[in-house]
Amino acid sequence: MSCTTLIFKLRRIQKRPIKSIYFTDHINNVVNMVNDEGGEASPTAKLGGYDFYRSTLGSPRYVVAPMVDQSELAWRMLCRRYGAHLCYTPMYHANLFATDPKYRKDALQTCAGDRPLVIQFCGNDAQQILDAALAAQDHCDAVDINLGCPQAIAKRGHYGSFLQDEWELLTEIVSTLHKKLSIPVTCKIRIFEDRAKTIRYAQMLEAAGCQLLTVHGRTREQKGPLTGVADWSYIKEVRQHIKIPMFANGNILGLEDVHRCLEETGVDGVMSAEGNLHNPAIFQGLAPPVWHMAKEYLEFVDLYPCPSSYIRGHLFKLFHHIMNIRQNSELRETLATANQLVQFNDVVQRVKAKYEPYHKGELPYEPEEMDATVGAEKLPLAPWLCQPYIRASPESHRQKIAEKEREAEDPNRAKRQFFDKDGNEISRKRMKKLRRRQRRPNKTDAQIQMRHERRLEYCTECANPQGSKCEFRLCRVCCRERCYSSDRDCPGHGILIKSRRAKAKRFEENSKHEENQDSGVGAENPDSNQTTVDTSTQDML
């Protein structure tokens, strides 16, 4: 079968209505055959640049970022309800997506209303990313390459922002996908400290075939407590030097930030990640009660199931401010241990029952005490309303570290003292335990004391504690002696005297059997050896 025939067959299959949201084996086989024969997508069959941005994506301005374990189908559908124009899937590992059917099936969860959609992959091998993209291209409008992840796992896996210095490899990856996919390839990057290098970086990706570029205005080192503020001036300069559509990412806490970013940078759209997680209605400029958003999200989860860890993570983000209130410690513990939809709904109902009277003005609200381990936080809105989480500045973090270092070096420093509720001095370790206990008020002192008591049973032959899994109720030393003398095994202690003796015996028997076979071969034809010797002797004579 020719390559042209295969491509035509693939296109006919793609035009058929697909009832399932997952690929059929037949489509996968055809894709693999096209790839094996070196076929390339027809350049006239797909749009690029601003034609792709306008016709395929619909000129999106409000974009939901790719977020690992967070931008799943249920969350994407909630965000679309509240004004998101374009959504990205979570980042998927290209190699796993291409080779593991279960991983691919779980990842390719979508529906008719989940468009336009971009699927993001990470990887460092052009062929692996191509294989993954070929398996996904019928379920999305574009494939995005993650070149911005700054986390330690990206460093270990050698992907994300840790590829930003390998321009030859990135050129190969982007150009390969651009030539062989039937949909456009896009990229998401972080900036360099060097402005000129950042511009050259973006131009290189554009020249390789990138059709839409998202620029996060932070460097690779800006993460965790050092996240800081994104620099939109870098994004503005990149915008002035490339011709493809462009999204901006960073510092988006509300709708006013979206409009300000569009105006200051000149980009075509704005992508939101953390701001969206704390308020999925961010693109409509609303601040609804958290229980409204949580309830709608759980309704989508009921339609489009996802792991309980995803649900728990979303609810903790939505309830972030009220879960930091000391009086809600029991509620926080309940949410942390919930793993069923009915349990999550119960938490939402308890939050609503407590704060809805304050929201309606039926009861006056008095500010509640914040958890001491988190610190007081001045909120612009009531704690039960969706609002962004504002990180502490990197300068304050560095200042705290410097103060701790100075205190540690001061030989005359006063030792910090800790006291319990009765005024008795206690250790720092004990104080931490008391604080953890305060966050879990459902455990009584008796339960905690019973948990820490050691109830030991002793060896029947000596005064040492016996092994908890020992079959003979002995300590390890006595158990070893018992197994050695009586030819026994103890799996609980991992002492396998009997098994090792049996293994050694089998080995010895096999060795003897092999020796007997070798000696038998030599004894089968003794005359032949004698004849050879006689012939050799005659030749010498």
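For the structure itself, look to the data block above.
In this text, all values refer to a predicted model and were calculated from it rather than measured experimentally.

A. Representation of the sheet that holds strand E8 (residues 269-272). Strand order in the closed barrel formed by 8 strands is E1-E2-E3-E4-E5-E6-E7-E8, and the pairing between neighbours is parallel. In this sheet, adjacent strand axes meet at a mean angle of 25 degrees when their direction is disregarded. In the sheet, strand E5 (residues 185-190) pairs with strand E6 (residues 213-216) via 4 bridges, with the strands oriented parallel. Each residue of the ladder has a partner; that of cysteine 187, found in E6, is leucine 213. In the packing of helix H9 (residues 167-180) onto the sheet, contacts are made with strand E4 (142-147) and E5, and the angle to E4 comes to roughly 175 degrees.

B. Structural detail: the packing of aromatic side chains. Inspection of every chain in the model, using the stated rule, returns 14 aromatic pairs. Look at phenylalanine 192 and tyrosine 201: their rings are 5.2 Å apart centre to centre, the planes differ by 70 degrees, and that puts the pair in the edge-to-face class. Neither phenylalanine 192 nor tyrosine 201 differs from the other in exposure class; each is buried. Ring-pair connections join several aromatic residues into one group, and the members of that group are Tyr92, Phe97, Tyr103 and Phe121. Of note, arginine 195 hangs over the ring of tyrosine 234, and the distance from its end group to the ring centre comes to 4.1 Å.

C. Representation of the packing of helix H4 (residues 73-81) against helix H14 (residues 290-303) within the structure. Across the interface, H4 lies against H14 with an axial gap of 8 Å and an inter-helix angle of 130 degrees. As the angle between them shows, H4 and H14 are arranged oblique. H4 and H14 meet at a crossing whose hand is right-handed. On H14, the residues that touch Ala74, Trp75, Met77, Leu78 and Arg81 of H4 are Met293, Glu296, Tyr297, Phe300 and Val301.

Rules of the game
Residues numbered from 1 in each chain as written. Predicted model: local features only at pLDDT ≥ 70, side-chain atom pairs only at ≥ 80, totals over all residues. Heavy atoms only, no water. Pairing = 2+ DSSP bridges. Helix = DSSP H or I, 4+ residues; strand = E, 2+ residues; numbered from the N terminus. Axes fitted to C-alpha atoms, helices over the stretch in contact; angles between N-to-C directions. Contact = heavy atoms within 4.5 Å. Phe/Tyr/Trp six-rings, centres within 6.5 Å; stacked < 30°, edge-to-face > 60°. Buried < 20%, exposed > 50% of the residue type's maximum accessible area, 1.4 Å probe, protein only. Lys NZ or Arg CZ within 6 Å of the ring centre and 35° of its normal. Parallel < 35°, antiparallel > 145°, perpendicular 65-115°, else oblique. Left-handed = near helix turned anticlockwise from the far one by under 90°.

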